[in-house]
Structures are given as C-alpha cells and as structure tokens.
Protein chains: 4
Amino acid sequence: MIIIMKESASAKEIESVEKLLAEFGFQTHPIQGEKKTVIGAIGDKRLLSMNQILTMDGVENVVPIMKPYKLASKELHKEPSVIEIGHGITVGGKQLAVFAGPCAIESQEQFTTVSKAVKASGANILRGGAFKPRSSPYSFQGLEGDGLKIMYNSGQELNMPICTEVLDTRDVELVAKYADIMQIGARNMQNFKLLREVGKCDKPILLKRGLACTMEEWLMAAEYIMSEGNEKVILCERGIRTYETATRNTFDLSAIPVSKELSHLPIIADPSHATGTYKYVPAIAKGAIAAGADGLMIEVHNCPEKAASDGAQSLTPEKFDKLMKELDPIAKAVNKILL
Amino acid sequence: MIIIMKESASAKEIESVEKLLAEFGFQTHPIQGEKKTVIGAIGDKRLLSMNQILTMDGVENVVPIMKPYKLASKELHKEPSVIEIGHGITVGGKQLAVFAGPCAIESQEQFTTVSKAVKASGANILRGGAFKPRSSPYSFQGLEGDGLKIMYNSGQELNMPICTEVLDTRDVELVAKYADIMQIGARNMQNFKLLREVGKCDKPILLKRGLACTMEEWLMAAEYIMSEGNEKVILCERGIRTYETATRNTFDLSAIPVSKELSHLPIIADPSHATGTYKYVPAIAKGAIAAGADGLMIEVHNCPEKAASDGAQSLTPEKFDKLMKELDPIAKAVNKILL
Amino acid sequence: MIIIMKESASAKEIESVEKLLAEFGFQTHPIQGEKKTVIGAIGDKRLLSMNQILTMDGVENVVPIMKPYKLASKELHKEPSVIEIGHGITVGGKQLAVFAGPCAIESQEQFTTVSKAVKASGANILRGGAFKPRSSPYSFQGLEGDGLKIMYNSGQELNMPICTEVLDTRDVELVAKYADIMQIGARNMQNFKLLREVGKCDKPILLKRGLACTMEEWLMAAEYIMSEGNEKVILCERGIRTYETATRNTFDLSAIPVSKELSHLPIIADPSHATGTYKYVPAIAKGAIAAGADGLMIEVHNCPEKAASDGAQSLTPEKFDKLMKELDPIAKAVNKILL
Amino acid sequence: MIIIMKESASAKEIESVEKLLAEFGFQTHPIQGEKKTVIGAIGDKRLLSMNQILTMDGVENVVPIMKPYKLASKELHKEPSVIEIGHGITVGGKQLAVFAGPCAIESQEQFTTVSKAVKASGANILRGGAFKPRSSPYSFQGLEGDGLKIMYNSGQELNMPICTEVLDTRDVELVAKYADIMQIGARNMQNFKLLREVGKCDKPILLKRGLACTMEEWLMAAEYIMSEGNEKVILCERGIRTYETATRNTFDLSAIPVSKELSHLPIIADPSHATGTYKYVPAIAKGAIAAGADGLMIEVHNCPEKAASDGAQSLTPEKFDKLMKELDPIAKAVNKILL
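Conventions used here
- Residues numbered from 1 in each chain as written.
- Chains lettered and ligands numbered in written order.
- Predicted model: local features only at pLDDT ≥ 70, side-chain atom pairs only at ≥ 80, totals over all residues.
- Heavy atoms only, no water.
- Contact = heavy atoms within 4.5 Å.
- Buried area = accessible area lost by both parts, 1.4 Å probe.
- Salt bridge = Lys/Arg side-chain N within 4 Å of Asp/Glu carboxyl O.
- Polar contact = N/O pair within 3.5 Å; in protein donor to acceptor, adjacent residues only side chain to side chain.
- Helix = DSSP H or I, 4+ residues; strand = E, 2+ residues; numbered from the N terminus.
- Nonpolar A, V, L, I, M, F, W, Y, C, P; charged D, E, K, R; others polar.
- Least-squares fit on C-alpha atoms with pLDDT ≥ 70 in both.
- Pairing = 2+ DSSP bridges.
- Axes fitted to C-alpha atoms, helices over the stretch in contact; angles between N-to-C directions.
- Phe/Tyr/Trp six-rings, centres within 6.5 Å; stacked < 30°, edge-to-face > 60°.
- Buried < 20%, exposed > 50% of the residue type's maximum accessible area, 1.4 Å probe, protein only.
- Left-handed = near helix turned anticlockwise from the far one by under 90°.

1. Topic: the interface of chain A and chain B
Interfaces are often described in size by the accessible area the parts lose on coming together.
Okay, so step 1: Opposite the 55 residues of chain A that make contact, chain B presents 55 residues.
Okay, so step 2: For the pair chain A and chain B, the summed buried surface comes to about 4500 Å²; carbon and sulfur atoms form 51% of the total.
Okay, so step 3: At the surface where chain A touches chain B, the tally comes to 8 salt bridges.
Okay, so step 4: B:K193 serves as the salt-bridge partner of A:D171, at 3.9 Å between the closest nitrogen and oxygen.
Okay, so step 5: Connecting chain A to chain B are 22 residue pairs in polar contact (both at pLDDT 80 or more).
Okay, so step 6: Elements represented by at least two residues in the side of chain A that touches chain B include exactly helix 1 (11-23), helix 2 (50-54), helix 6 (192-199) and helix 7 (215-227) of chain A.
Okay, so step 7: For the side of chain A that touches chain B, the residue count by class is 22 nonpolar, 13 polar and 20 charged.

Quick look at the structure:
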C-alpha cells in the first residue's frame, strides 16, 4: 500500500509510520516529494489494515495497491468461466442464458402455464420465488417448501434447470435439494453468513448485486462464496439505487464491461427489477445483450394485474415472445446465440 | 390509494380499472379533471397492490395514501417510547444513552480496559462486536461465542447493559442469552428472516439503518420486528451511502427529526460508522444531540492503530472523555441529561 | 393536484385547505377515506403551488397530476421529432447521428487529422470543445474564439455540421455564428439564463443531462429552451453521479426508453463522459444503440496520452473505426442506419 | 502522483510510462512490489494530467498526492478566515452569522415586514431573491432589478447587510452595486464563467454547494473565485441529492468538520433548502451550530401559504423567533455568540 503523509507531517511522525509498518513485516520505500512524503509499503495487508495506519498522526491518506479479491479476479483465472447448470445448459459461453418465470410461485397451474410459455419462446432456465423477501411483513411471503416442489415438478417435466432464492442459512439445505441454481438476492448480498453457507454447496449461485453496492463489494461477496470452495458464481446486475425516481432502480450498464475487465465470472442482467416497469424491460434487455451480458433474467406472468408480487414489472407471455424475437438479431450481432 | 390515468386513457380503460378495484372490494371515487381522470380508491391495499394496477392500460401512476407501517408509526402510539434495557438504563427518555466500546472484542483484557474507561467518562451501555460482518472473507471475523462471554463478564462486573450484533438466525438464541440489546447491522436491515427471529425475543433490538435504505424502508424493518411481538426497537442512524467520498458514509442528520415526526421509536446516532474517521466523530456527535437524538454509539479503542477492525474511526479513551465533557452543555441546552 | 390530509387533521383544517384552494380558483373534490381525507383539486397550478399548500396545518402531502412540461412532452406532440442540423444531416430519424472528435480543440492540424479520420469511419457530425468547463481554474480552458474558427474550417472543408459547447450568455451570439449545433453541458443544465438565451437562437441545441438531474428536471430544462421558441432540442445522456466509483459516472440506460415514453425529443448517448475510460466506451455505445438511442457522441483523439483534456476517455481513430464496424450490425438489428 | 501498474504490465510498458513522465519533467521513483510495480512521480501536474497516463497500456490506476486547490486550502492559510461583510458584521469569528428573509422578494412591504421581524429576533444579515432560478420557465422568476432596490432600501433602513443571488455574468455588475454579499446558487456552483466574474468583484461571495458536488469540487469552485483575486468566500451547505425522498435534499452535516479540516473558509448551513420542510428546519439548524457551523441561512415568510416561492420550507416570524431562542444556549455550549 501507499501511505501519503500530510504536508505538515513531522520527521518523527513519518518515522513512527515506518516503524509500525516494519513491526508488521512490511518493507518501506519512502519518496520525498517537494511538499509531501509518500511511503510505499510492501507486505501482507491482512496483518495491518489501511484503516489502522489512517489513525496515526501526520497521515493524510492510505491507498491500496492490490485488489482485495483473488478467486473472483481475472489475474488468477484469465479466461471467462463457463458454468454448468444441469439439463445441458451452461452460463458464460456463446449461448445466452435466459431465466424467465413469475416473480412469485402462486400455484402449480400458474407456474406450469408460464413455464411452458417461456420455454416455447426460447427461455432456457426457469425462475420463480418460493421464499420471497418482501418489504412489508404483511405482504405475501411465498409458498416456501410447497413452492420449491412446484418448481421442481415443472423443471423435471420441461427438462429445464430451475433457479430460486434462498433467504436464510437454515433453508440452504432444503433449497439446494430442489434448485439447480440458488439465488442470493440483492438485500442479502452482504449477508456474509448466508454467502458462506451457499459456498459450501455444490450448486451454482446467482449473486444479485446489492442495492447500493460497488463493483468491488460485489466481487468480494463472490469471493466469500468462492473461498468456501464453490466457484460457480454467476453475477446478476439488477439496478442500483440512485436519486432518479423515473425507474425503480437505475440499471448500471457499465457493470457489464467493468465485471468483464475485473473478473472471469459470467454476468447476466435483470431488466425487470432494474426498471420496475414492464414498458422499459425490452430496451434494457436489448442494451444489456449488446453490451456483452451473458444472459437475462426476466419476469413473466400470465396475468400481471393479478400477480401476487411485482406485477408492474412482469411481461405477459406475448410480450416476452415478441422481445425474444427482437433480441435474436442483436445476439447475432455480438456473436452470441439466443434462439 | 389514488390512481392517476393518462391524458390519453380511454373511457374503457378507466372502466376496467374501476372494475378491477371493485372486484377486490374497493370503493371508487373518480374525479374528472380538465385533461386527466383521477380515481380515489378506498379499501384494503393488502388485497390489491399499487403495482398490479400499474400494469393496466391507461394508468399513469398510483399514489398510496396510507403509510405501510402501523406499529412503528405515531398514529397508533402518539407518545415517544421509552425502552428499558436492564441495569436501570432506559433509551428514549430525558437521559441520553451512550453506547461505547471497541468495534471488535479482541480479549478480556482489552475489553475490560476500554469498558472501565468509557464508564468513567459517562457511557452507560457497553458495545462490542463478537460476530463481525467483514467485507473480506480473509479479515478477522470476531471471537464469536468467546466474545459474548467476555462482554457478559464486563457487563456484570461494571453493572452495565451490553449490546452486540447478531448476524445469523441460527445465532439468535445464543446472542440473546448474553446480550442485553441485540444489534441488527446495516447490511442486515432487510434480512427479513433475521428480523422476524429477533422479533420473537424479549430483548431490545438496536436496528441500524441500511446503507441505502429510505426512512420508510427502515420503519418497515422495525415493523417486521414489532409484528412478531417485540416492540422494543431502537433506531440507529449510521450514515447512508452517497456519491461523496470525503467521509465513509454521509450522516443523515434529518433522520432524527423525520423519525420523530413519523414514529414513536427512539433514535440514536453512530458517528463512528457515519464518518469512518475519528477526527469527524465529535462534530457529528454534537450535531446529533443538538438535533434531538436519544443517544450515541461511539467506537473507543485504547490503541486504534493496532485495532483488529475499524481503527481509523475509533476514539482513544482520552478523546472520548474530552468529547463527553463537550457534549454535556449541548445536552443541557436541549433539555437532556448526559453526565 | 391531490391533497392528502393527515389522519389527525381536524374538520377545520380540511376546510381551510378547501377555502384556500377555492380562493385561487380551484374546484375541490374531497374524498373521505376510512382514516384520511383526500382532496382532489382542479385548477391552474401556476397560481397556487403544491409547496404552499404543504405549509398548512393538517396537510400530509400534495401530489401533482399534470406533468410540469408541455412543449417537451409527448402529449402535445405524439410523433418523435426529427431535427435538421444542416449539411443534410438530421437527428431523430432512421439514420443514427454520430458526433465524434476530440474533447478540446488544440490546433487546426490536430482537429483536421481527427475530423478526417472520424469521417472516414462513418461519423456524420464533428464535435470539439472551444470553451471548456474545467473543474480547475489552472487547467487549459480552451482556445475559445480561435477554436471556433478551427472547427468551422474543418466543417466547411469536410461538409459536416459542427457541435460545440457554449458556457456563457455573453458568448451565445459568437458561438451561434460558427456552430451548427450548440451544446449545453451537464454543469449548465440548470443555468436557466443560458437556456433562455440559446432558446432565442435558431440553432439546434444539444442538451446534456445534469450530473444529478432527474428525467423531469431534464425535460424542464428542454422546456426552458423551447418556451423561448427554439424547439430543436436534442437530449444527451452522459451518465449520472452515483456512489459507484468504478466508472466516472453511471450511464443511465433507462434514460433512453423513459425519454421516449415521456417526450418526442431525440436522445443520443455519450459513452465517453459516462464511463471516463476508453475501455468501457464500446460496450456502452453498443448498449445505447440497441436500447433505441438516436445516436452517439464519442471522444476521439489521435494521441490520447498527450491530449489537453480528458485523454483517458478518448478512443484512438483506430479503436473508433473498429467500434463503428461493430455497431453497424446492431444498428441494423434495431432497424436503424449507421454506415 | 503515484502510478499503479497492472500485475500483467510488461517491462516495456513500465518503461514507456517512465519515459513519458520524464518527457514532461517528472522525476520518477519506481517501487517493485511482489506482484505490481508502482511509480512515484514528482513534478508539475498541470503539464501532464493523471487522465493522460491512464490511457497508457499497462497502467491500472493513477493516484494524486497534492490537493488540486491551493488558495482555499489550509496548507497556505492555517488560521480560519474571518470575512467582513459591511455594516459591522463579520462571518467566521465567534459571532454567528444569521441570514434570514423570504425566498423571493415580492414587494417592499413584504420585505420590510419580514426584515424587521427577523432583525428583532436576532438575524444580522438579510437574504432575499431578486433573480430566482426556478425549475419551471412558467414560475415566478423574481422582481430582478426592482427586487434589488427593495432589498437595498431595507438594508439601509435597518443598517443590515443584504445577500442576494446572481445568476448571469451579465448581471454581476448590477447585483454588486446593491448587494453586500453575492450568492452563487447550488445550480451555478460549476458555472465557471460566473465564478470568474464574481471573483473580479470586491464583494464577499456566498458559495452554495452544488446539488451533487463533492467537497473537493466545492473547494475548487471557491478556488476559481479566489484565483481571480476575491478571497472573501463563504461556503454554504444546503443539502445534497441522495436517494432519500423524505426530505428535499440530504443535509450533509459532515461538510462542516470536513471543510474545517481542509479549508480556512467559513461555512454556514441552510436548513431550509436542505430539508424543504419548515418542520425539520429547527433540528437541522441546531445540529449545524453544535457541529461548528459559522452561521445559518433561514427562509422566513410572514404568510408561507401565499409565498411566491418555496413556501413549504419557510418559517413564520414566530417560529423563527422561537428557534433563535432555542439556538442561543447551543451557541453558548460551543463557545459562540448568537444573541
């Protein structure tokens, strides 16, 4: 790391910093500028954090040199990861992944109807919520175990992998029994105990970006999962929180090229949660594919105005079908396969 | 709720909205403006959400009338809540609550030293982390169970209540055994399963505001806890995430008067996490008390440059003592008791 | 507008609100809910603002019904505007607009070299800064009048329209003499005097979105220009300010479909300022075109490491050429013409 | 500055960076870490910007060492500035400055009434808007020249300095003729031409923080003014834009201690614009004074529900009087003089 001393730092203050660094095994390289001294320090940051040095007199700032994530970074793993999901589907390669289905699973009939429709239009992974994180304790919280079985039945019947969210460390085992992909939702992106728990499973994890989390925090969350042995992490950009209220969240398109620059993990886009409004889903879906996303996650409901959750952002099966047809030439233009 | 129809909405579209509302038991009151129609709808929002109506053709916007929280609101509970913590301490009354202690518990010796110092300066509640939510899986994660026992010992010895964070539904029972107050951290503010679990306990809950959560989402998180039967919730403003990088977070001073306007729950301020820098802690602490906060949570460490966690934002016991003396006349000026 | 009264509002408070509304010529329609009263008010909002009613006792909130912009809205002008730029170029139709050139104009030679290169690759409008808004008073501020002449020469020589920024009301006349399109930069989006001044000109205006401005404020800025008689406004999304630091700004892809929903004005994307890093420009450019943007503004410099301004986000002519070739099939996929 | 090379940077890439730095007169100090090379560069940043180096192959990041502002910084001017306003008033010393008055000047009668009231309660500077930056072109834009005369009359009559906003470079001369303090509003904080123009005047400048501007950008705006010779700059924190909607803006309390750490310029707080709601003004005003602000700017209107602008955030003279009495003991507690 680099320690920038204040213009007013005394020789004694500079010496104290060098001494503490040496005490923790760092090599130090002071550079005397015209007005300020800068100290380059080479050593193991886990032993002495930037934060600690910041408390010392005369220190103005401390700048990290190494990225805090390793397993998620491209430095160790230069080629993009291609993750096997089951049922013959992979995420991260030339074939785009399309996760589609209702926000919440409401009944076997509803889920089967929607699943068949989205499969017919070209979706290759089913999504649906059995455990729902709802902002109100009085809202529908999901069918839980029954929902998992409904999804599982449809997945088996249609030969498609299924993806569903897990909210609680106590449910990981149960969800892992049914799901092909376990989703960590935006609100749990920094629920570190849950990250560790899914890191012990052998199932791919869809890791949604936290509401107001940086790219670095997101990759650190992936690192938590990977550090437990599960390297099958798929990132999902679902919009971040900004001051803008015209959309529910602000879809951060840059997350796609930035993650490709920093990490080997695949990244998909969720235009439904990003916008909160079905009308804006197609534009965001198209933009994400053109920008290099490895796939999409889209909410589809056969009767949005009667949906138990998030109706406003769901496409009808007809609108989803139209969108898939419009996406196909864009996928081809960026050398990917959709339909 | 109020449904605002588009200028271009057809009579048929307006009729469809009224019909759906009626189907779900709402009374409707259309108002025909010069250019747009607006429909007032009276009924039970849990049956039909705003989101669902937003999907209908011709609808421009839906505006809620009732607040989504009830137990946390002032409408049902007009007087400010005063919460009993144990060891004779209350939060929310004339006496200010001062939570102080190190970020992480490192040893019995360290914790006892800091605890005695902060008590001598006027702190009335001990804080410390046994389970630590760290952004890196490679950082110190806390002493866990052993940390709880260390805290408990100090609390008993000094006759002071202790406050510590719980991260996982599986640890709630254990933490509740030792802690007088259980803390829900910012990253778990929307971990709804954890909120429900602590809602089943009989211990006061310190509910930190999520990194990028609105006042309404924060009160909804309190509602989750309260809806399970535990009404002893203390809010804690610890800074929100904004574009500004001069401080670790942006302390939202308005959270104090806004929460007092909307809710009966007490609110304290955490200037240590809000700023991330010990230098700025005193100004924020003073501002919060003057603005009406019911107390403070401040990190104190006897040797910040060797702290296992968050050294940069910790005050030394000497600086904490000086701050308490400076805070005293401000507390008096707003008719509160500190020392 | 809709006035939502507090649950605790007295009959007298409700009456006072109705009386004030009547005094200002509003018709009122009270709706008595189970717990709250809501008043629908029909009239001219310019006479009595929401803000004023908010000060009255018993009022909880006031909700607007009508959009505050008219000329910029789609309600009066349902078809997308196609704006003529000169030299046979239009913005807003099937042909995509590609503005390219260096951030700052440094010399005739530099500008001619870059201009010829970008024209050869398919750009159809030249961009360059003569008056530069720099965050430091000690940075290069642009060649000003000389820069305008340099641009003008290149535009004439290559038969291409030129676009450049105007910063000061006192310079509008001069800039209008040389430029085909005048740009209002992000930092001046709410410089209302400047907006009015360019609104009096007969030249198309490229209106960049303010750093932290909402869609509504942006369209209100367009309304300022249009209300003076100049309806030739082109919107330009250039990224908004968020907490994320991996990119200079956060490109708001949703601005494209949202502006198309609310307004008839064309919208282009500026991936150079949005990202601040040349590496991320291609992904954002592709995403914007796929999402429906009417064009792009891209910084190109023949020697970015020696650029007088914003080198880090400039493409070399070679990279620009490659990008144009990659964009072409995406443009075709969304039924637009690029090359 | 410090150049951090990528882990994958080749010896040749490192050499090229060193060569370019040398070409621009920088001394270079390479430090070879375990995985990355870091280059310390000492020289004149105005000649070669960080941005330019960022474009070079193999460069990961560039970190500045020196602050970009000089005149505004504490490094050159260690003692806090005390600025003389006229009429015997100073800002920045022990006496707190209280700017009070209506948002917009509506008539001589209105302004005189409010001015007398606020003076009686202890305000020492009059504020009012003659030129108003309104987000709608259809809203009241201020009395302009007539408003200036009204203010001037009151200032003379009551022997109080007056403060009013200037929006346009063309109006600077006129406003400087009447006003004792010229205000640069939040929306013009980066209107660099206007900053330069007021920098040529001999009147103190109240510089409001831009809607989404960082502390550094704010001090750079002050630097613009000061670099023209006018060192009498007073900062004014008026809330920043965040995702939170419970208040109009988010008052950034930390701006007070951070500005005191970085700069010698005085700083006042504007709780009226920060909150947008009169109810929250007292708490923010108290917090700001306790945190070390040098004064307050508060909107006061004798009839807020009929105010031509921003009624919702105005205090009545009675509420202002009550607030001043409550502020007095807080001022004393932090060793300042209010009444």
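Now that the structure has been shown, the text picks up again.
2. Digging into the interface of chain C and chain B
Okay, so step 1: Every contact between the two is made by 26 residues of chain C and, on the other side, 26 residues of chain B.
Okay, so step 2: In total, about 2100 Å² of surface goes out of reach between chain C and chain B, with carbon and sulfur atoms giving 69% of it.
Okay, so step 3: If you sort the residues of chain C by the area they bury against chain B, C:I31, C:I65 and C:Y243 come out on top, with a joint share of 24%.
Okay, so step 4: Put simply, chain C and chain B have 4 salt bridges between them.
Okay, so step 5: Residue B:E261 is joined to C:K6 by a salt bridge in which the shortest nitrogen-to-oxygen separation is 3.8 Å.
Okay, so step 6: One can count 4 residue pairs in polar contact (both at pLDDT 80 or more) joining chain C with chain B.
Okay, so step 7: Among the secondary structure elements, those contributing two or more residues to the side of chain C that touches chain B are strand 1 (2-5), strand 2 (27-32), strand 3 (37-42) and strand 4 (59-63) of chain C.

3. A word on the relation of the copies chain C and chain B
Okay, so step 1: Rotating chain C by 180° and translating it 0.0 Å along the rotation axis places it on chain B, where the RMSD comes to 0.0 Å. Within this description, the copies of the chain are treated as partners about a two-fold rotation axis. Looking at the rotation axis and the C-alpha trace of chain C, the residue lying nearest is C:Y243, at 2.0 Å.

4. What about the sheet that holds strand 4 (residues 59-63) of chain D?
Residue and element names in this part refer to chain D.
Okay, so step 1: Judged by pairing direction, the sheet is antiparallel, and its 4 strands sit side by side in the order 2-3-1-4 without closing on themselves. The open sheet has two free edges, formed respectively by strand 2 (27-32) and strand 4, since each of these has just one partner strand. Here the average twist between neighbouring strands, direction ignored, is 20°.
Okay, so step 2: As paired elements, strand 2 and strand 3 (residues 37-42) share 6 bridges and run antiparallel to each other. Residue pairing in the sheet places I31 in a bridge with V38 of strand 3.

5. Details of the packing of aromatic side chains
Residues and elements named next belong to chain A.
Okay, so step 1: In this structure the tally under the stated criterion is 8 aromatic pairs over all chains.
Okay, so step 2: When the ring of F192 is compared with that of Y224, the centres are 4.6 Å apart and the planes differ by 20°; the resulting orientation is stacked. Here Y224 lies in helix 7 and F192 lies in helix 6, a separation of 32 residues in the sequence. No difference in accessibility class separates F192 from Y224, as the two residues are buried.

6. Observations concerning the pairing of strand 3 (residues 37-42) of chain A
All names here are of chain A.
Okay, so step 1: Burial analysis of strand 3 places 6 of its 6 residues in the buried class, the great majority of the element.
Okay, so step 2: Side chains T37, I39 and A41 project from strand 3 onto one buried face, and the interleaved V38, G40 and I42 project onto a second face that is buried too.
Okay, so step 3: Bridge count between strand 1 (residues 2-5) and strand 3: 3 bridges; the pairing is antiparallel. Its bridge partner being in strand 3, I2 is matched across the sheet by G40.
Okay, so step 4: Counted along the chain from strand 2 (residues 27-32) to the antiparallel partner strand 3, the turn is 4 residues long.

7. Regarding the sheet that holds strand 3 of chain C
Residue and element names in this part refer to chain C.
Okay, so step 1: The strand order 2-3-1-4 describes an open sheet built from 4 strands, whose pairing is antiparallel. Edge strands, defined here as strands with exactly one partner in the open sheet, are strand 2 and strand 4. Neighbour-to-neighbour, the strand axes of the sheet open up by a mean angle of 20°, direction not taken into account.
Okay, so step 2: Set on the sheet, helix 1 (residues 11-23) makes contact with strand 1, strand 2, strand 3 and strand 4; between it and strand 3 the angle comes to about 5°.

8. Structural notes on the packing of helix 3 (residues 108-121) of chain A against helix 4 (residues 145-158) of chain A
All names here are of chain A.
Okay, so step 1: Running from N to C, helix 3 and helix 4 point in directions that differ by 35°, and their axes come no closer than 10 Å. Helix 4 is crossed by helix 3, and the crossing has right-handed handedness. Together, Q108, F111, T112, S115, K116 and K119 of helix 3 and K149, I150, M151, N153, S154, E157 and L158 of helix 4 make up the contact between the two elements.

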